[in-house]
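These are the residues of each chain, in order.
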Amino acid sequence: MKKLIAILVMMLSPVLFYAQSAFDQFDDKDGIDVVSLDKTMLDLAGDDLKLAKDEQNLVTKFTKDLKQLKVYSTEVKKYKNQIADAVKKYVRDNNMESLVSVKDDGETVKVYARHNRSDETIEEVLVFVDSGKKDETVLVTFTGKVKL
């Protein structure tokens, strides 16, 4: 399951998320780990990848408008429930579409996106991993804008 999550995150890294204020409430809570990569760090990380020139150009094309990547994770039951509720509310309130839903061994991975059909861009992406009663709950958010 962790390989699947890693693959999904890598596949969706060019696709982005615009407004994160709904999840900022989790930034300073003990029991929730938060990793935040801003534009500068993403640019540096992209430059350090050992890829062929054409692959590097493809990565650069998709990440040039990436503004932020945030990962929230927790094993605390009350926070797991709060994050799940926040995701449900955000998806509903922002008319996000479900792109992928995978259930395996009690774990669920859901990927949501909102895109602008008029200019063919992805505007928001959420990856939500609910481990059920075991392990941790993870929320990955992308901010920015990418043309399809």
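Structure first, text after, so check above.
Source: prediction; values computed, not measured.

S.K.: Describe the nonpolar core, listing the residues and the values that go with them.
M.R.: The tendency in soluble globular proteins is for nonpolar side chains to be buried as a group. With 16 residues, the main nonpolar core has Phe-23, Phe-26, Ile-83, Val-87, Leu-126 and Leu-139 as its most contacted residues. Top element by residues in this core is helix H4 (residues 77-93). It accounts for 7 residues. The residues touching Val-87, leaving out its near neighbours within four places in the chain, are Phe-23, Tyr-112, Leu-126, Phe-128 and Leu-139. Leu-69, Val-109, Val-129 and Val-140 belong to the second largest nonpolar core, which has 12 residues in total.

S.K.: Residue-level account of the packing of aromatic side chains, with values.
M.R.: Within the structure shown, the criterion is met by 2 aromatic pairs. Consider the rings of Phe-23 and Tyr-90, whose centres lie 5.2 Å apart with planes at 55°: the pair is tilted. Here Tyr-90 lies in helix H4 and Phe-23 lies in the loop between helix H1 (2-12) and strand S1 (32-38), a separation of 67 residues in the sequence. Each member of the pair, Phe-23 as well as Tyr-90, is classed as buried. Summarising the aromatic geometry, the rings of Phe-26 and Tyr-72 are spaced 6.3 Å apart at their centres and angled 75° between planes, so their arrangement reads as edge-to-face. Here Tyr-72 lies in strand S2 (residues 66-74) and Phe-26 lies in the loop between H1 and S1, a separation of 46 residues in the sequence. The class for Phe-26 is buried, based on a relative accessible area of 0%.

S.K.: So, the pairing of S2: which residues are in play, and what are the values?
M.R.: The buried count for S2 comes to 7 of 9 residues, which makes it a mostly enclosed element. As defined by bridge partners, S1 adjoins S2 across 7 bridges and the pair is classed as antiparallel. Each residue of the ladder has a partner; that of Leu-37, found in S2, is Leu-69. In the sheet, S2 pairs with strand S6 (residues 137-144) via 8 bridges, with the strands oriented antiparallel. Opposite Lys-70, over in S6, you have Thr-141 as the bridge partner.

S.K.: Give me the lowdown on a negative patch on the surface, citing residues and values where you can.
M.R.: There is a patch of like negative charges on the surface, built from Asp-33, Glu-75, Asp-135 and Glu-136. Tracing the backbone shows Asp-135 in the loop between strand S5 (121-130) and S6.

S.K.: Break down the environment of Gln-82 for me, with residues and values.
M.R.: Relative to the helices and strands, Gln-82 resides in helix H4. By relative accessible area, Gln-82 is classed as partly exposed at 31%. For the pair Gln-82 and Phe-26, spaced 56 residues apart in sequence, the C-alpha separation works out to 9.1 Å. Once residues lying within four places of it in the same chain are set aside, the contact partners of Gln-82 are Phe-26 and Lys-29.

Conventions we followed
Residues numbered from 1 in each chain as written. Predicted model: local features only at pLDDT ≥ 70, side-chain atom pairs only at ≥ 80, totals over all residues. Heavy atoms only, no water. Core = buried A, V, L, I, M, F, W, Y, C linked by side-chain atoms within 4.5 Å. Buried < 20%, exposed > 50% of the residue type's maximum accessible area, 1.4 Å probe, protein only. Helix = DSSP H or I, 4+ residues; strand = E, 2+ residues; numbered from the N terminus. Contact = heavy atoms within 4.5 Å. Phe/Tyr/Trp six-rings, centres within 6.5 Å; stacked < 30°, edge-to-face > 60°. Pairing = 2+ DSSP bridges. Patch = residues over 30% accessible without salt bridge, like charges linked within 9 Å, V, L, I, M, F, W, Y side chains within 5 Å. Areas by Shrake-Rupley, 256 points an atom, 1.4 Å probe, with all protein chains shown as cover. Salt bridge = Lys/Arg side-chain N within 4 Å of Asp/Glu carboxyl O. Lys, Arg positive; Asp, Glu negative; His and termini not counted. Charge placed at Lys NZ, Arg CZ, Asp CG, Glu CD.

In short, geometric facts, not functional conclusions.
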